[in-house]
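Per-entry structural report
The chain contents come next:
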Amino acid sequence: MLYASTLMGVFMGVLCSIVNTRFLNPAEYGDVRYVQNIINFVTTFLLFGYFLSGARLMALSDDRNYVARVKGMMIIILVGACSLLCMAMPVSYFLHSDQPQVAWLFILSMPVCFYPLFQNYIDQTAQGDNQIGLLSLARLLPHLIYVPIGYAIYSMFGATSERMVLLQWGTYSAIYLVIIIATKPLFHQLKPIWKKLNEENRKYGLQLYIGSLVMVSTNYLAGISLGYFNEDNTEVGFYTLALTVTSPLAALPAIVGTTYFKKFATQPAIPKKVIIVTVGLTITTCIIFILLIRPVVEFLYTDRYAIVGTYASILSVGFCIHGLGDMFNRYLCSHGQGVSVRNASIANGVFRLLGYTLLVWLFNTKGAIATSILCDTVYFSCLIYYYVRFTKHVANG
């Protein structure tokens, strides 16, 4: 169900990008994606690993009242993180004062910039509590609602980057908020939950947070450096659009890890059948994608975005490798191996930091693509190493 809804969600996400690129020129679309990258970059600093720790506490408990109280504590943390993100927008405005159009988007986004944090809460609580239905809904519903509304409004009144930010991000934020309410959190007797969450975070979540500061935050660096090293944000739009159409390839193995997260916590290793089937499906999907993506992009998007198909076909290899790494990531996380995942994330992030600055400066978008594939390979290799080491340790008692 999760895989089907994710594929549908990705398909609708592609439709979103088609709607957006049909009504905005490459530079305006690049401005929106540039601001989005900055917001996503900032959000990686705000949660300090607490959502990851909360997800693991839920995965280890069958007490529904306890799980609901963990969610309540996570929502309090979410409110604090949203407040910090809101305060970061005026700072971003002043840092981009030499680009008035881009700077204004930061101020305009203040009421609707919270959706990445909302999505993070839903992803982690649904994974920890095995609420695949809510997670599936979150993957599909925002796009399903935005596409027809966006197309109708832009057709009647025209599209601007300001209108797109308010409409798309506002729609996402409102839907995610409703889903968050549907997770049924409780807000009583939170003091012992806060104590337990802090204990878990010190030995697990904080380790992943440190790794994510290096890896996840640098994921958005290409969308920033491409804007910095070019005259406008056109290349930002091309590259980030290629990432959008390629992202489904990482979904399958990652979904296996998410779906089995609660079971992984009690298993000495990932079942061989799960690994073989997942790798086989991932390789098959990648080959089909490479064969079809260029004509599909040329058919769906205007000629102005034709280069996106070439970028996506090359990036697809890295996305498949990264997705397989995510499956082993989920297994290690389910066993509290935060240090191992942290180390893999740091190795990934260091390469991204160097590549998305030096290689982008030297080779522009080609440098960003090469960096992405190299870093995905490093990430996968590190996780395989730690997975083999951990399972050998479990087998030897």
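Here, the structure is the one placed above.
This text gives an overview of the structure that appears in the document. The numbers attached to residues start from 1 for each chain and follow its sequence in the written order. Per-residue local features of the predicted model are confined to residues with pLDDT of at least 70, and side-chain atom pairs are confined, for both listing and counting, to 80 or more; whole-chain, interface and lining totals are unaffected and use all residues. To obtain the side-chain values, all non-hydrogen atoms of the structure were included, while hydrogens and water were left out.

**Structural notes on the packing of helix α6 (residues 115-129) against helix α7 (residues 132-157)**
So the rule is basically this: Think of each axis as a best-fit line through the C-alpha atoms, taken over the contacting stretch in the case of a helix, with angles from 0 to 180 degrees between the N-to-C directions. Helix and strand definitions here come from DSSP, where helices need a minimum of 4 consecutive H or I residues and strands a minimum of 2 consecutive E residues; each element is numbered from the N-terminal end. Should an angle fall under 35 degrees it is called roughly parallel, over 145 degrees roughly antiparallel, and 65 to 115 degrees roughly perpendicular, with every other angle called oblique. It is the rotation of the near helix from the far one that decides the hand of a crossing: anticlockwise by less than a right angle makes it left-handed, clockwise makes it right-handed. We call two residues in contact whenever any of their non-hydrogen atoms come within 4.5 Å of each other.
For the pair α6 and α7, interaxial distance at closest approach is 8 Å and the crossing angle is 150°. Taken together, the axes of α6 and α7 are roughly antiparallel relative to one another. Judged by the twist between their axes, the crossing of α6 over α7 is left-handed. Judged by residue contacts, Ile-122, Asp-123 and Ala-126 of α6 engage Leu-135, Ala-138 and Arg-139 from α7.

**Focus: a nonpolar patch on the surface**
The condition is simple: A patch consists of residues whose relative accessible area exceeds 30% and which take part in no salt bridge; residues with like charges are grouped when within 9 Å of each other, and nonpolar side chains (Val, Leu, Ile, Met, Phe, Trp, Tyr) when within 5 Å. The accessible surface values rely on the Shrake-Rupley method and a 1.4 Å probe; as for residues, cover is taken only from the protein chains in view. Whenever Lys or Arg places a side-chain nitrogen within 4 Å of a carboxyl oxygen from Asp or Glu, that contact is recorded as a salt bridge.
On the surface, Tyr-228, Phe-229, Leu-358, Trp-361, Leu-362 and Phe-363 cluster together to form a nonpolar patch covering roughly 730 Å² of accessible area. Element by element, the count of residues in the nonpolar patch is highest for helix α16 (residues 338-363), at four residues. Residue placement: Trp-361 occurs in helix α16.

**Considerations on the packing of aromatic side chains**
What counts, and what does not: The pairing test for Phe, Tyr and Trp rings, Trp by its six-membered ring, is centres within 6.5 Å, and the orientation test on the planes gives stacked under 30 degrees, edge-to-face over 60, and tilted for anything in between. Partly exposed describes any residue whose relative accessible area lies between the buried limit of under 20% and the exposed limit of over 50%, with all areas from a 1.4 Å probe on protein chains only and scaled to the type maximum.
Applying the stated criterion across every chain yields a total of 17 aromatic pairs. Taking the centre distance of 5.7 Å and the plane angle of 75° together, the rings of Tyr-115 and Tyr-172 count as edge-to-face. With Tyr-115 in helix α6 and Tyr-172 in helix α8 (residues 161-182), the pair connects residues that are 57 residues apart, well separated along the chain. Judged by relative accessible area, Tyr-115 falls into the buried class, the value being 7%. Taking relative accessible area as the criterion, Tyr-172 reaches 5% and is therefore assigned buried. Joined through ring pairs, the aromatic side chains of Phe-23, Tyr-115, Tyr-146, Tyr-151, Tyr-154, Trp-169, Tyr-172 and Tyr-176 make up one cluster.

No statement about biological role is implied by the geometric values presented.
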